[in-house]
Amino acid sequence: MTTPQRNVQQFVDTFTRLRAELQRVIVGHDEHLEQILVAFFAGGHVLIEGLPGTGKTLIVRSLGELLNLKFARVQFTIDLMPADITGTRILVEENGQRTFRFQPGPLFTHVLLADEINRATPKTQSALLEAMAELQVTVAGHSYPLPRPFFVLATLNPIEMEGTYPLPEAQLDRFLFKVVLRYPSHDELRRILASTTGANVPSLKPLFAPEEAATEVERLRALVREVITAPQVEAYAAALVRATIPASSKFVPPGDAPLPPDEAINRYVSFGASPRGGQALLLGAKVRALLEGRAHVTYEDIDAVAVPALSHRLVVNFAALADGVEPRSLIEGILQRARRLHARGN
Amino acid sequence: MDRIATHGARRKWKGRRGQLPLTLRAVVHYVARTSLAMAAISVSARDIEERLQAVQRRWRWRVRLHAGAYACSVALVGVAAAVWWGGAAVRTAPSGWLVMLVASLTVLGTLLASWPVERSIDRERTAAWIDSRAGLAQRFSTFVSIPPEAQRSRLFPVLVLQLVRARSQYEPRQLIPWKPTKPLAALGAASLVLVLAWRHAEPAHPPLAQRKTEPASNPERASQVAQGAGEAARSREPGEHEAAVEEGTETAESLAAGDAAMKRASTRERAVRAGQDSQGAGGPLPGARSSSRQGPESRRAAAGTAEGSGSGEGPRPRGDGVAPGGSPADAAALARGSAGGSSAALRPPQLAGNASELPEAAKPGADPQRRNAGPPAPQGQSPAKGQSGAGSGTDGTGLYDAAAPAQRGESAAQSEPIVVTLPATTFVRRGVEPQGRGAGGGQSLDAPEAAPVPGSGAAAPIEKPLLPEAYRELAQRVFARSAKP
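First things first, this report covers the structure right here in the doc. All values reported here derive from a predicted model rather than from experimental measurement.

Once that is clear, we can look at helix α9 (residues 181–200) of chain B. Helical geometry note: an α-helix holds 3.6 residues per turn, so side chains three or four residues apart project in the same direction. Residues and elements named next belong to chain B. Between its terminal C-alpha atoms α9 stretches 28 Å, which fits the 28 Å expected from 20 residues at 1.5 Å a residue. The set of residues buried in α9 consists of A190, L194 and A197. Angularly, the buried residues of α9 cover 65° about the axis, an arc narrow enough to put them on a single face. Every exposed residue of α9 that faces more than 90 degrees away from the buried side is listed here: T181, A185, L192 and R199.

Shown next as structure tokens:
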């Protein structure tokens, strides 16, 4: 087996073991667990929306433990200040001299759980922007790089809207995927109850040694970017992203849509996905390709990650809220049209 | 794959391991291993590329084969339809060449139309098609379409290796099997249809140009025609024509002579009819008492009565007068005949021949229905047997009816067969004036395409030959000579 092949196989093994270990702890949510792992190896961040008690925090904490990476948790509240998460300069006295020294915040970790991120003020939320996009923190004019890998898992509580601050679009755009956790089914709920109330609580076995965990994860992340993407697949992803933008938008050139205009998009969407959505599509598709032992991306890989990669990037209008139209259904409609066109083209 | 490729380098490297320092050994090992691995990948990539081109070539040939075969099939069916509906004329007339030209253009146009299809079989389409057929999960299309810089990816060898491993799934012969069953079946079926149509449109007689050399297909009919020719060309010996018929060398000359005789007989009958009309009540036929000065309608009605009332068993009595529109020479000849002279002088020798030579249906006493398909005469107008009922001027049995009196030994005055009736299958010329208008059951000259009556002894219709002008002039000259008193 050649080295590239060995690398691919190693990636598949790591991913499979991670998923299996998580499934031992997290009952149900298999699809969401896979999406979280895909986003993790793609180098992105995940926004998890779900009701309290559905295992959001457990998922993030289990992931940190399994990878043997540094894990931090920040409970976002309304009085949380940016310096509380980014760190601040404190005055210290050393050798009779008082100097300011940077005290890193909880952002300086590998896996960060931003719990109930919508409870913080926009100012605090914006403190995450630089960290998530550029993997660095700037304090008092001095930039501090974050440790690699850096992975943010933010949770949203959709119930209590009182005293919350919806995430701005720019913030939402930083998240590679948005995963919506549903209620567990009856059988899943029974298994959750059985596994969490017994005497034998399942323990997690880390996959990597602490000293090599970050390196291994970074190597696997680098391998993801080596996956080959054909030009036609790139064009397909770009067409999907472009199809989310309504025709009435003044920010796009007219007559540029590769797909025919969608009535639902024109009616319910105010703003479509940004180019980051296309990046999320391709990166997620590359992880999925590697998971299947392939060195190239297919159309099916793009389709598989389209909903978690694009749905939270659509800004729907009041008509969509009134009609109960969710962005997920809009993305699925675009996918159906794109599949038909693609099948006709072939 | 690359394990095999680098195997030789490893073996070579192991032999020199002790001779090189460690760092240099590492460098050589890395270079040799990397370069050979890349060489193996490039070789494999070239192999995949060649296989893609092989599939393209095979696909193009398949398109050409199918297009050509189906186009030829359509063209053949078109030609078959033209031959079927157009008959033998399509094969000889200029329209036949037109059909062939259209068929050729159809084939050529289809082949030209298949050219864009061949051009559309480009690398990307072929690769996508191979992916779909071989289940390669878009590996082939990715391999074909990625830019050169993407080939420097660390995972490109994995893609090549996976394609090499799946070689058996995209063998050109397996992807495009050489089974041209359907196009060849279509071609064969179209050819069969054409053959059937060709045989269906086989003419009763070959064209005139072939008839000069080929023996006559129907000697009896040829002898009938030759009888007219013998009368027209008196210089010809009576037995000469039979010899020619027997030898099967019936030529266009005899046909032309027959044509002239037919014309002459027509003129003669008109003269007879005119004479009868001028005789008025002196004629033996009750229905032929119309005067020659009467209008054409009444004359035609009278003639129709006389001609249509016969049973076809006896010759038609001639008139004694001179036909207003007829030739004086004919009138004189007819007058001689009526004065007791033998009508055999005016008849062809065969008319006075032995009845045993006649066909069964034409012999005296034979079933009239078989000999003449004419309707029965009206009451009160039916002439006596042997005196009236000349039948149709074109009745096939009329010719033999003229010979009947000679067979029975009747006198020439009673049964002068002045009217020479022509067989239904006689060659018909458009310019000839019809004689048997309204004739009972007989074939009218107005309808030369009429089919023969089954069981009447009449032969199959013969198409009108296109005689050259020379033959026409010859016939006119012969007619003019024979018309001299």
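After that view of the structure, there is still more to cover.
To continue, consider the sheet that holds strand β8 (residues 151–156) of chain A. Residue and element names in this part refer to chain A. If you trace the 5 strands from one edge of the open sheet to the other, you get β2-β5-β8-β1-β9, paired in parallel fashion. Of all the strands in the sheet, the pair left with one neighbour each is β2 (71–75) and β9 (177–181). Ignoring which end each strand starts from, the neighbouring axes of this sheet average 20° apart. As paired elements, strand β1 (residues 46–50) and β9 share 5 bridges and run parallel to each other. Considered in β9, the bridge of G50 is made with L181. This element, helix α2 (residues 30–42), spans β1, β8 and β9 of the sheet and lies at about 160° to β9. On top of the sheet, helix α3 (residues 56–67) reaches β1, β2, β5 (111–115), β8 and β9; it is set at about 170° to β5, its chief contact.

Residue and element names in this part refer to chain A. At a minimum axis separation of 9 Å, helix α9 (residues 231–243) and helix α12 (residues 299–310) run at an interaxial angle of 25°. The angle between α9 and α12 places the two elements in the roughly parallel class. Crossing of α9 over α12 shows right-handed handedness. Residues V233, Y236, A237 and L240 of α9 pack against Y299, I302 and A306 of α12. Broken down by class, the residue content of the contact of α9 with α12 amounts to 7 nonpolar, no polar and no charged.

Thresholds applied
Residues numbered from 1 in each chain as written. Chains lettered and ligands numbered in written order. Predicted model: local features only at pLDDT ≥ 70, side-chain atom pairs only at ≥ 80, totals over all residues. Helix = DSSP H or I, 4+ residues; strand = E, 2+ residues; numbered from the N terminus. Expected span 1.5 Å × (residues − 1). Buried ≥ 20, exposed ≤ 12 C-beta atoms within 10 Å, placed from the backbone. Arc of directions from axis to C-beta. Pairing = 2+ DSSP bridges. Axes fitted to C-alpha atoms, helices over the stretch in contact; angles between N-to-C directions. Contact = placed C-beta atoms within 7 Å. Parallel < 35°, antiparallel > 145°, perpendicular 65-115°, else oblique. Left-handed = near helix turned anticlockwise from the far one by under 90°. Nonpolar A, V, L, I, M, F, W, Y, C, P; charged D, E, K, R; others polar.

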